[in-house]
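Here are the chains, one letter per residue:
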Amino acid sequence: MAYFGVDSTLPSSSPDAASASPGAVVRGPHPSAPIPVQGPAVGSNIRVPLGESGSHIFPLILGAAEFGWNVDLESSHAILDTYAELGGNAVHTADSYSSGRSEHIIGQWLQSRGLRDDVVLAVRVGGHADNPGLGPVNLVRAVEASLNRLRTDRIDVLYLDATTDRASSLEDTLATAEWLVETGKVRALGAIGYSAAQLVEARIFASAGYPRITVLDVPFNVLRRHEFDADLRLVAGAQGMAVTPSHALEHGFLAGRQRSKIRGALSVRGAQLAANLNRRGSRTLRALDAVGAELGVPDAAVAVAWLLSQKLVTAPIVNAYAPQHVEELVQGVGVRLSRGQLSDIGRASE
């Protein structure tokens, strides 16, 4: 029998024995050689219901806001591959991300990997320049265009972006969404930018037969708690909505990589990071550092774990620039913060 790191003769039953000369000595694998792992990823067993949408997802949604903008096609596919290999199964994009290039990249990946039936695809519409807003005509055109770019026949969760359209009638939007659901182009509805009063109104329309809004996106993280106000929390809880916070890392700031201001002209991302380079932001990062050091995980994982510890939150939407960022973020799913740790982070971010 061969032992790691010890010279031994291959047994006659070994597949390599036939090609080895009689009495040949073959060196076994080095002790530090990677151990091959077969079968599904551990994360593939971790699934939570996405509200009443009918989908079950990994509690961390991969956002594609950077695809086609700061991340090219090849790197985007590497990020998606890493996420899927770790057990992730939910991808979020928008028709406005990089003017649709993000959807093209995801569509190519889904088709080339043959994973469409394994991935819950969430798409935000309303912000594309060709089909702006949530009026009936533009809403149908936006969905058709997204389906074409994504190379698929259905969207699992369609997020209606009310921040792009304050004029369209909610009833008209939901009536159009009803047709999209009935035709199979959309399976469930999500929302972003709607007020608590509008969500209550939407539920009244649902009692009349219109499709229900079952998923809610709120820009929410440890530094941006005010946007998920008491009224929204009350309505989301009462209606059993799944909350999927976007801006989970506050444009990357909560990952802790940028801690000092950059001199000279700032890029869009640089300006977003600089907005939090103040005393409050520094205190928050130090609190994340302390908890991360205690648990042996990076700051980004602690930020994700903080969100998952909040009531009503089902799965944060996180963006990544590289495969190693995905590996850091996924660690947050397995972290359970104590009351003391939550209290320390909360005080630091006040």
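Residues numbered from 1 in each chain as written. Predicted model: local features only at pLDDT ≥ 70, side-chain atom pairs only at ≥ 80, totals over all residues. Heavy atoms only, no water.

S.K.: Honestly, the environment of Pro 211 in this entry has me stumped. Any pointers?
M.R.: Note on placement: Pro 211 falls in the loop between helix H5 (196–207) and strand S10 (213–217). For Pro 211, a relative accessible area of 16% translates into the label buried. Pro 211 sits 34 residues away from Ala 177 along the chain, and the two C-alpha atoms are 7.2 Å apart. Setting aside residues no more than four positions away along its own chain, Pro 211 makes contact with Leu 174, Ala 177, Glu 178, Val 181, Leu 189 and Ala 206. (Helix = DSSP H or I, 4+ residues; strand = E, 2+ residues; numbered from the N terminus. Buried < 20%, exposed > 50% of the residue type's maximum accessible area, 1.4 Å probe, protein only. Contact = heavy atoms within 4.5 Å.)

S.K.: Honestly, the nonpolar core in this entry has me stumped. Any pointers?
M.R.: Taken as a class, soluble globular proteins show a tendency for nonpolar side chains to be buried jointly. Core analysis: the biggest nonpolar cluster contains 96 residues, and Leu 158, Leu 199 and Ile 345 have the highest contact counts within it. Tallying contributions element by element places helix H9 (residues 299–308) first for this core, with eight residues. Contact partners of Leu 199, with chain neighbours within four places excluded, come to Ala 191, Tyr 194, Ile 213, Leu 216, Leu 232, Val 235, Gln 239 and Met 241. (Core = buried A, V, L, I, M, F, W, Y, C linked by side-chain atoms within 4.5 Å.)

S.K.: Quick question: what am I supposed to make of the packing of helix H4 (residues 170–182) against H5 here?
M.R.: If you want to describe how two helices pack, look at the angle between their axes and the distance between the axes. Where H4 meets H5, the axes come as close as 11 Å, and the angle between the chain directions of the two elements is 50°. By the criterion of interaxial angle, the relationship of H4 to H5 is oblique. For the pair H4 and H5, the crossing hand works out as right-handed. Across from Leu 170, Glu 171 and Leu 174 in H4, the residues of H5 making contact are Gln 198, Glu 201, Ala 202 and Phe 205. Taken together, the residues of the contact of H4 with H5 sort by class into four nonpolar, one polar and two charged. (Axes fitted to C-alpha atoms, helices over the stretch in contact; angles between N-to-C directions. Parallel < 35°, antiparallel > 145°, perpendicular 65-115°, else oblique. Left-handed = near helix turned anticlockwise from the far one by under 90°. Nonpolar A, V, L, I, M, F, W, Y, C, P; charged D, E, K, R; others polar.)

S.K.: Got a minute to help me understand the side chain of Glu 250 in this structure?
M.R.: Positionally, Glu 250 belongs in the loop between strand S11 (242–243) and helix H7 (268–274). In terms of polar contacts, Glu 250 uses its side chain to reach the side chain of Arg 224, at 3.3 Å. (Polar contact = N/O pair within 3.5 Å; in protein donor to acceptor, adjacent residues only side chain to side chain.)

S.K.: I keep staring at unusual backbone geometry and nothing clicks. Help me out?
M.R.: Note: most peptide bonds trans; most residues except glycine with negative phi. We note that His 247 has phi near 55°; this positive angle belongs to a residue other than glycine. Relative to the helices and strands, His 247 resides in the loop between S11 and H7. Positive phi, close to 50°, is recorded for Glu 250, a residue that is not glycine. Given the relative accessible area of 8%, Glu 250 is considered buried.

S.K.: Looking at this structure, how should I read the packing of aromatic side chains?
M.R.: Working definition: an aromatic ring pair is given by the centre-to-centre distance plus the angle between the planes. Summed over all chains, the structure comprises four aromatic pairs. Ring centres of Phe 205 and Tyr 210 lie 5.8 Å apart, and the angle between their planes is 80°; this geometry places the pair in the edge-to-face category. Residue classification places Phe 205 among the buried positions, given a relative accessible area of 16%. In this structure Tyr 210 comes out as buried when scored by relative accessible area, which is 19%. With 5.7 Å between their ring centres and 55° between their planes, Phe 220 and Trp 306 make a pair best called tilted. Residue Phe 220 is found in the loop between S10 and helix H6 (230–238), and its partner Trp 306 is found in helix H9; the two are separated by 86 residues along the sequence. Per residue, the accessibility class of Phe 220 equals that of Trp 306, and both read buried. Ring pairing ties together the aromatic residues Phe 220, Phe 228 and Trp 306, which thus form one cluster. (Phe/Tyr/Trp six-rings, centres within 6.5 Å; stacked < 30°, edge-to-face > 60°.)

S.K.: Whenever I open this one, the side chain of Arg 116 confuses me. Can you help?
M.R.: Relative to the assigned elements, Arg 116 resides in the loop between helix H2 (101–113) and strand S7 (120–125). With relative accessibility at 12%, the residue Arg 116 sits in the buried group. At a separation of 2.9 Å, a polar atom in the side chain of Arg 116 contacts the main-chain carbonyl oxygen of Arg 154. Among the polar contacts listed, one links the side chain of Arg 116 to the side chain of Asp 156, at a separation of 3.1 Å. Residues contacting Arg 116, with those up to four places away along its chain left out, are Leu 110, Leu 121, Thr 152, Arg 154, Ile 155 and Asp 156.

S.K.: How do you make sense of the environment of Leu 329 when you look at a structure like this?
M.R.: With respect to the helices and strands, the residue Leu 329 is situated in helix H10 (residues 323–331). Judged by relative accessible area, which is 3%, Leu 329 ranks as buried. Residues Leu 329 and Val 304 lie 25 residues apart in sequence; the distance between their C-alpha atoms is 6.9 Å. Residues contacting Leu 329, with those up to four places away along its chain left out, are Leu 60, Leu 249, Ala 300, Val 304, Val 318 and Asn 319.

S.K.: Just checking my understanding: could you explain the confidence of the model for the protein chain for this structure?
M.R.: Any segment with low pLDDT has predicted coordinates that should not be analysed in fine detail. In the predicted model, the protein chain carries a mean pLDDT of 89, and 87% of its residues have values of at least 70. Of the regions scoring below 50 in pLDDT, residues 1–27 engages in 17 contacts with residues more than four places distant in sequence or in other chains. Per-residue pLDDT stays below 50 along residues 32–37; that stretch engages in zero contacts with residues further than four places along the chain or on separate chains. (pLDDT = per-residue confidence, 0-100.)

S.K.: Looking at this structure, how should I read the sheet that holds strand S12 (residues 317–319)?
M.R.: Within a sheet, neighbouring strands are paired by backbone hydrogen bonds and run either parallel or antiparallel to one another. A sheet is described by the order of its strands in space; here eight strands give the open sequence S11-S10-S9-S8-S7-S6-S5-S12, paired in parallel fashion. Lying at the two open borders of the sheet, with one neighbouring strand each, are S11 and S12. In the sheet, S7 pairs with strand S8 (residues 155–161) via four bridges, with the strands oriented parallel. Bridging from a neighbouring strand, Arg 124 pairs with Tyr 159 of S8. (Pairing = 2+ DSSP bridges.)

S.K.: Is there a simple way to explain the pattern of salt bridges in this structure?
M.R.: Applying the stated rule across the entire model yields 13 salt bridges. Of the charged contacts in the structure, one is a salt bridge between Asp 156 and Arg 116, with a shortest N-O distance of 3.1 Å. Here Arg 116 lies in the loop between H2 and S7 and Asp 156 lies in strand S8, a separation of 40 residues in the sequence. For the pair formed by Asp 156 and Arg 116, the shared burial category is buried. The partner of Asp 156 in a salt bridge is Arg 187, and the shortest N-O contact between them spans 3.6 Å. Remark: Arg 187 occurs in strand S9 (residues 186–192) and Asp 156 occurs in strand S8; sequence separation between them is 31 residues. Asp 156 gets classed as buried once you look at its relative accessible area, which sits at 4%. Overall, the relative accessible area of 53% leaves Arg 187 in the exposed class. (Salt bridge = Lys/Arg side-chain N within 4 Å of Asp/Glu carboxyl O.)

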